[in-house]
Amino acid sequence: MAENKTQPTDVAVADYLAAIEKPARRADCGQLVQLMQQVVGEAPVMWGPSIVGFGRYHYKYASGREGDMCLIGFANRQAEISLYVLSCGETDPQQELLLSQLGKFRKTVACIYIKKLADIDLAVLEQLIRYSMQQTRQRYPE
């Protein structure tokens with residue numbers, strides 16, 4: 001099986017943040033680092049060239065594919081910030097309740113996208129991060 005492309009790197013998170021051109025976006029990403037580090041209790045690590053990740057878990061699918069990924073993370077993208085804070089993309093009533101209270105975002109299976117932090121409720125985001133961490137750790141115990 002092919003090795004996962006998204007792996008932890010030695011790139012400094014501070015360098016990644018400093019390279020964000022838009023000052024407001026850079027500030028939002030800096031605030032996300034603080035929030036996620038506080039909630040997860042671990043320092044940020046760059047996963048691949050663009051994901052700032054916190055924590056780590058090992059997954060193994062029924063297909064036999066397995067690997068490691070950050071427990072929670074985000075990435076600065078061209079138009080939005082991708083937040084990797086959903087527990088494996090499954091529909092979950094508690095997760096959906098939190099999302100209904102979050103604010104302005106769009107969602108795909110594995111993440112949510114925001115334009116700026118001012119569009120969402122940070123207290124709800126913190127609850128969503130905690131819930132997602134709990135669900136992921138239950139699904140993939142160490």
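Residues numbered from 1 in each chain as written. Predicted model: local features only at pLDDT ≥ 70, side-chain atom pairs only at ≥ 80, totals over all residues. Heavy atoms only, no water.

1. A closer look at the overall build of the protein
Turning to step 1, where the next piece is worked out: The number of helices and strands found in the protein is four helices and eight strands.
Turning to step 2, where the next piece is worked out: Secondary structure elements of the protein occur, N-terminal to C-terminal, as α-α-β-β-β-β-β-β-α-β-β-α.
Turning to step 3, where the next piece is worked out: Scaling as 2.2 N^0.38, a compact globule of 142 residues should have a C-alpha radius of gyration of about 14 Å, and the protein matches this with 15 Å.
Turning to step 4, where the next piece is worked out: Residues classed as buried in the protein amount to 44% of the 142 residues present.
Turning to step 5, where the next piece is worked out: Long-range pairs, those at least 24 residues apart, make up 55% of the contacts in the protein with a sequence separation of at least 6.
Turning to step 6, where the next piece is worked out: Accessible area for the protein stands at about 7,900 Å²; split by element, carbon and sulfur atoms hold 51% of it. (Helix = DSSP H or I, 4+ residues; strand = E, 2+ residues; numbered from the N terminus. Rg over C-alpha atoms; globule rule 2.2 N^0.38 Å. Buried < 20%, exposed > 50% of the residue type's maximum accessible area, 1.4 Å probe, protein only. Contact = heavy atoms within 4.5 Å. Areas by Shrake-Rupley, 256 points an atom, 1.4 Å probe, with all protein chains shown as cover.)

2. Focus on the confidence of the model for the protein
Should the pLDDT be low somewhere, the predicted coordinates at that spot are not to be read in detail.
Turning to step 1, where the next piece is worked out: The share of residues in the protein with pLDDT of 70 or more is 96%, and the mean pLDDT across the chain is 92.
Turning to step 2, where the next piece is worked out: When pLDDT is averaged over each element of the protein, helix α2 (residues 23-40) comes out on top at 98 and strand β4 (residues 66-69) at the bottom at 87. (pLDDT = per-residue confidence, 0-100.)

3. Points about the packing of α2 against helix α4 (residues 122-139)
Turning to step 1, where the next piece is worked out: Across the interface, α2 lies against α4 with an axial gap of 10 Å and an inter-helix angle of 45°. With respect to each other, α2 and α4 are oriented oblique. Where α2 crosses over α4, the handedness of that crossing is right-handed. The segment α2 lies against α4, with Gln31, Leu32, Leu35, Met36, Val39 and Val40 engaging Leu122, Leu125, Glu126, Ile129, Arg130 and Met133.
Turning to step 2, where the next piece is worked out: Along the lines of polarity and charge, the residues of the contact of α2 with α4 split into nine nonpolar, one polar and two charged. (Axes fitted to C-alpha atoms, helices over the stretch in contact; angles between N-to-C directions. Parallel < 35°, antiparallel > 145°, perpendicular 65-115°, else oblique. Left-handed = near helix turned anticlockwise from the far one by under 90°. Nonpolar A, V, L, I, M, F, W, Y, C, P; charged D, E, K, R; others polar.)

4. Focus: the state of the cysteines
Turning to step 1, where the next piece is worked out: Under the criterion given, the structure shown has zero disulfides.
Turning to step 2, where the next piece is worked out: Summary of cysteine pairing: Cys29 is not part of a disulfide, and the nearest cysteine sulfur, belonging to Cys111, is at 14 Å.
Turning to step 3, where the next piece is worked out: Cys29 sits in the buried class, given a relative accessible area of 0%.
Turning to step 4, where the next piece is worked out: In this structure Cys70 is not part of a disulfide, and its nearest cysteine sulfur, from Cys111, lies 11 Å away. (Disulfide = S-S within 2.5 Å.)

5. Observations concerning the packing of aromatic side chains
Turning to step 1, where the next piece is worked out: Under the defined criterion, the tally for this structure stands at four aromatic pairs.
Turning to step 2, where the next piece is worked out: An aromatic cluster is present here, built from Tyr57, Tyr59, Tyr61 and Tyr140 joined pairwise through their rings.
Turning to step 3, where the next piece is worked out: Lying across the ring of Tyr113, Arg106 places its NZ or CZ 4.1 Å from the centre. (Phe/Tyr/Trp six-rings, centres within 6.5 Å; stacked < 30°, edge-to-face > 60°. Lys NZ or Arg CZ within 6 Å of the ring centre and 35° of its normal.)

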